[in-house]
Amino acid sequence: MARLTQVGFELNSNTGGVEFTTGVSGGGAIAISSSIVRSGGYALRTSNSGIAGIARASVPFVTSAAAGPYYARAYVYIATNPSAIHSVLLIWNAVTAYAQIRLASNGTLELWDSVGKIGSSSSALSTNTWYCIELKYRSNGSSTELDARLAPDDGSTPVSFASTTSSTNPGTVTQVTVGGITSSTGYDLYFDDLAVNDTSGSYQNSWCGQ
């Protein structure tokens, strides 16, 4: 089996280390929601209504940093878009943001490495709607393959909106993070059903999908 980790926030706790590691600063706030959920009884809420700040949840999927390939999936529900673009799904080593999907103030998604934007933006996401977002990371030591995918939460296969096989920021990674990952204001976002796969085993060895 290649499912390295999955988190549905069903432990109903935002205490760091119970189901995920929290990161909150400035005006960011993190909570567990029982009113807006995709599955089960709970989801993660990250929000900001004051000064700029972060509100994120991180989950390690390996104990030793490695180059992948890794496939991360999360479901996101946008109640309020951020005032400025910020990262909402990140694969990294807690230092360098090697692969990330960012949400812009107009509701579009962007694929970034640690240097800048890659490819085109997605179409704008509707508010108050669940979407599946997926992110691939694979480094060969000199270049990196990245792919960002998106689908409405209707069971359809997520479709790539930006990708590259030649990102020049290779490195090794250990964890996946969701939320208001980089500092912004105004956002109100919900996340559910986070998962990460690698390529080992005979099933769940590629994209997590829906």
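Preceding this section is the structure that the text describes.
*Asks:* For this particular structure, what's the right way to read the overall build of the protein?
*Replies:* The number of helices and strands found in the protein is 0 helices and 15 strands. A compact globule built from 210 residues should have a C-alpha radius of gyration of about 17 Å, and the protein, at 15 Å, falls within 12% of that. For the protein, the C-alpha atoms occupy an extent of roughly 40 × 35 × 30 Å along the three principal directions. When burial is assessed residue by residue, the protein has 53% of its 210 residues classed as buried. Pairs at least 24 apart in sequence give 67% of the contacts found in the protein among residues at least 6 apart. Of the charged side chains in the protein, 10 are positive and 13 negative; the average position of the first set lies 4 Å away from that of the second.

*Asks:* Would you take a moment to explain the packing of aromatic side chains for this structure?
*Replies:* Where two aromatic rings form a pair, the distance of their centres and the angle of their planes describe that pair. A full pass over the atoms with the stated rule returns 6 aromatic pairs. Relative to Phe-20, the ring of Phe-9 lies with its centre 5.6 Å away and its plane at 70°, an arrangement referred to as edge-to-face. In this pair, Phe-9 is assigned in the loop between β1 (3–7) and β2 (21–24) and Phe-20 in the loop between β1 and β2, connecting sequence segments 11 residues apart. The exposure class of Phe-20 is buried, given its relative accessible area of 3%.

*Asks:* I keep staring at the pairing of strand β12 (residues 144–152) and nothing clicks. Help me out?
*Replies:* Each regular strand carries side chains that alternate between the two faces of the sheet. Where strand β11 (residues 130–139) meets β12, 9 bridges bridge the pair, whose relative direction is antiparallel. Looking at β12, one finds that Arg-138 is bridged to Glu-145. Hairpin connection from β11 to β12: 4 residues lie between these consecutive antiparallel strands, with Gly-141 at a positive phi of about 100°. Two strands pair when backbone bridges link them, and β12 and strand β13 (residues 159–167) are joined in this way by 6 bridges, in the antiparallel orientation. In the strand pairing of β13, Arg-149 is matched with Ser-160. The turn linking β12 back onto β13 is made up of 6 residues, and Gly-155 within it adopts a positive phi angle of 90°.

Conventions used here
Residues numbered from 1 in each chain as written. Predicted model: local features only at pLDDT ≥ 70, side-chain atom pairs only at ≥ 80, totals over all residues. Heavy atoms only, no water. Helix = DSSP H or I, 4+ residues; strand = E, 2+ residues; numbered from the N terminus. Rg over C-alpha atoms; globule rule 2.2 N^0.38 Å. Buried < 20%, exposed > 50% of the residue type's maximum accessible area, 1.4 Å probe, protein only. Contact = heavy atoms within 4.5 Å. Lys, Arg positive; Asp, Glu negative; His and termini not counted. Charge placed at Lys NZ, Arg CZ, Asp CG, Glu CD. Phe/Tyr/Trp six-rings, centres within 6.5 Å; stacked < 30°, edge-to-face > 60°. Pairing = 2+ DSSP bridges.

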